[in-house]
Each structure stands twice: as C-alpha cells, then as structure tokens.
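# A closer look at the structure
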Amino acid sequence: GESVGLHLPTLSVQEGDNSIINCAYSNSASDYFIWYKQESGKGPQFIIDIRSNMDKRQGQRVTVLLNKTVKHLSLQIAATQPGDSAVYFCAEIPYQGNLIFGKGTKLSVKP
Amino acid sequence: DAMVIQNPRYQVTQFGKPVTLSCSQTLNHNVMYWYQQKSSQAPKLLFHYYDKDFNNEADTPDNFQSRRPNTSFCFLDIRSPGLGDAAMYLCATSNRDKISSYNEQFFGPGTRLTVL
C-alpha cells in the first residue's frame, strides 16, 4: 500500500552541527509535504512545508529538499541546538486527501 | 492566540468504563481530526469531520465514536476502553475548501489516556 517511511529511526548529533533527517514516500499522487516536530508530551508542531512543484524551500535554520524522481524528502537543520531534540515526522498529503505520517526520527543533540 | 485546545491533558479510566475526550478550536476551521498515537509510533488517523460530515477510517474500531455538536467542539468517545487503547489522543484542525488541495493541520497538545 501507499506509505511514507523514514530511513533512520534515531539520529544523534553534536550541538552546533548540521542535522539531516531523511524520508521516503511512495505515493506519487502526493502534492504537499510537511515536516512536523514533536517534543515529548506535546502534539506535532509544524516546521516547514513544500509543494510538489518545488524542490527546495528554506525557513529559519531549516531547509526541506524534495526529490520527486526518487520520492525522497529531507529536512536539514543548521547549527543544531539542544532545543531541536525531538521526534521529527515527515508527512504527505495526496490531492484532496488526508495527511499520512511517516514513522518518525528521534533527534538527540549532544552538548 | 488562535489554537487547538484539548481537555483534559491526562485522563485515567478503568477497563471497560466509558470515557470522553474533548477538543475545541478557535481557528474556525471546518475540518477536525482525531488521531491515536502510541509510544514511539506515528499518529494514526481515527476519523475526521468535514463540517458536519463524519468520515471514519476503515480500520477504526467500533469502540471509538465521535461527536461534533458545532464548529468549535469535537469529542472522542471510547465506549469500552481496553488496555490496548492506552495512548496519546491528538486532535487537529484544518481549513479545507473545494479548490485547495493543501490541508495543513494544526494539532492540539494531546490527551494522554491511561487504562487501569
């Protein structure tokens, strides 16, 4: 069936380094993608989104890259900080469909 | 600030005792969703309301029901909670129209349900 998955379930980085979180999706009909950050005991928080007619979008310290050829999505966090420690979910939304979450990657930032 | 509010944040119930979780929103969004999230897993959509239209996911157990009395409020009823229903329950909202294909969802903080 259609699914959104992540390559790495956990990622540990040094404070100040850049982080890259990857995601593979399989629904070629999806035209909108979102990265969510979920801290312990809280609901998912929107970080950044990208539409299928784009291949890159930048926010504050975050960049999302979309490669439709290989159905791959990545989230880059520059100068990772302790406050970035959380579980990150990629999600896709097919046209007029509902949000489909990936499995999540836990990011741990070492001081 | 406009937001999605869930009450209570923590709920304890007994095995088989009905429980209701509530969600309210000040965003005036026309769609409200309920998700179940178990430890170390992604949120799983249970159902959603598009205005007054209820949309159930195919694999949502009959034990889970929902009510949406008005635009602002949506309730999740668990008729006979089992131990396997212990989870975080997330409410989300979005504004969907017939033209836009993008349905960014805004999540509440969740209710942590414990079943004894």
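Notes on the structure follow. All values derive from a computational prediction rather than experimental measurement.

Conventions and cut-offs
Residues numbered from 1 in each chain as written. Chains lettered and ligands numbered in written order. Predicted model: local features only at pLDDT ≥ 70, side-chain atom pairs only at ≥ 80, totals over all residues. Heavy atoms only, no water. Contact = heavy atoms within 4.5 Å. Buried area = accessible area lost by both parts, 1.4 Å probe. Salt bridge = Lys/Arg side-chain N within 4 Å of Asp/Glu carboxyl O. Polar contact = N/O pair within 3.5 Å; in protein donor to acceptor, adjacent residues only side chain to side chain. Helix = DSSP H or I, 4+ residues; strand = E, 2+ residues; numbered from the N terminus. Nonpolar A, V, L, I, M, F, W, Y, C, P; charged D, E, K, R; others polar.

### Some remarks on the interface of chain B and chain A
The interface of chain B with chain A comprises 25 residues on the first partner and 22 residues on the second. Both faces combined, the contact of chain B with chain A buries some 1,700 Å², and carbon together with sulfur accounts for 52% of it. At the surface where chain B touches chain A, the tally comes to 0 salt bridges. Counting every contact that joins chain B to chain A gives 4 residue pairs in polar contact (both at pLDDT 80 or more). Of all the secondary structure elements, the ones that give two or more residues to the side of chain B that touches chain A are β4 (31–37), β5 (44–50) and β9 (87–94) of chain B. At 3 residues, the largest contribution of residues to the side of chain B that touches chain A is made by β4(B). Its residues assigned to classes, the side of chain B that touches chain A shows 11 nonpolar, 8 polar and 6 charged.

### Comments concerning the environment of L73(A)
Residues and elements named next belong to chain A. With respect to the helices and strands, the residue L73 is situated in strand β8 (residues 72–77). Between the C-alpha atom of L73 and that of N22, which follows or precedes it by 51 residues, the distance is 6.0 Å. Contacts of L73, omitting those with residues within four sequence positions, involve I21, N22, C23, F33, W35, I50, V64, L65, L66 and C90.

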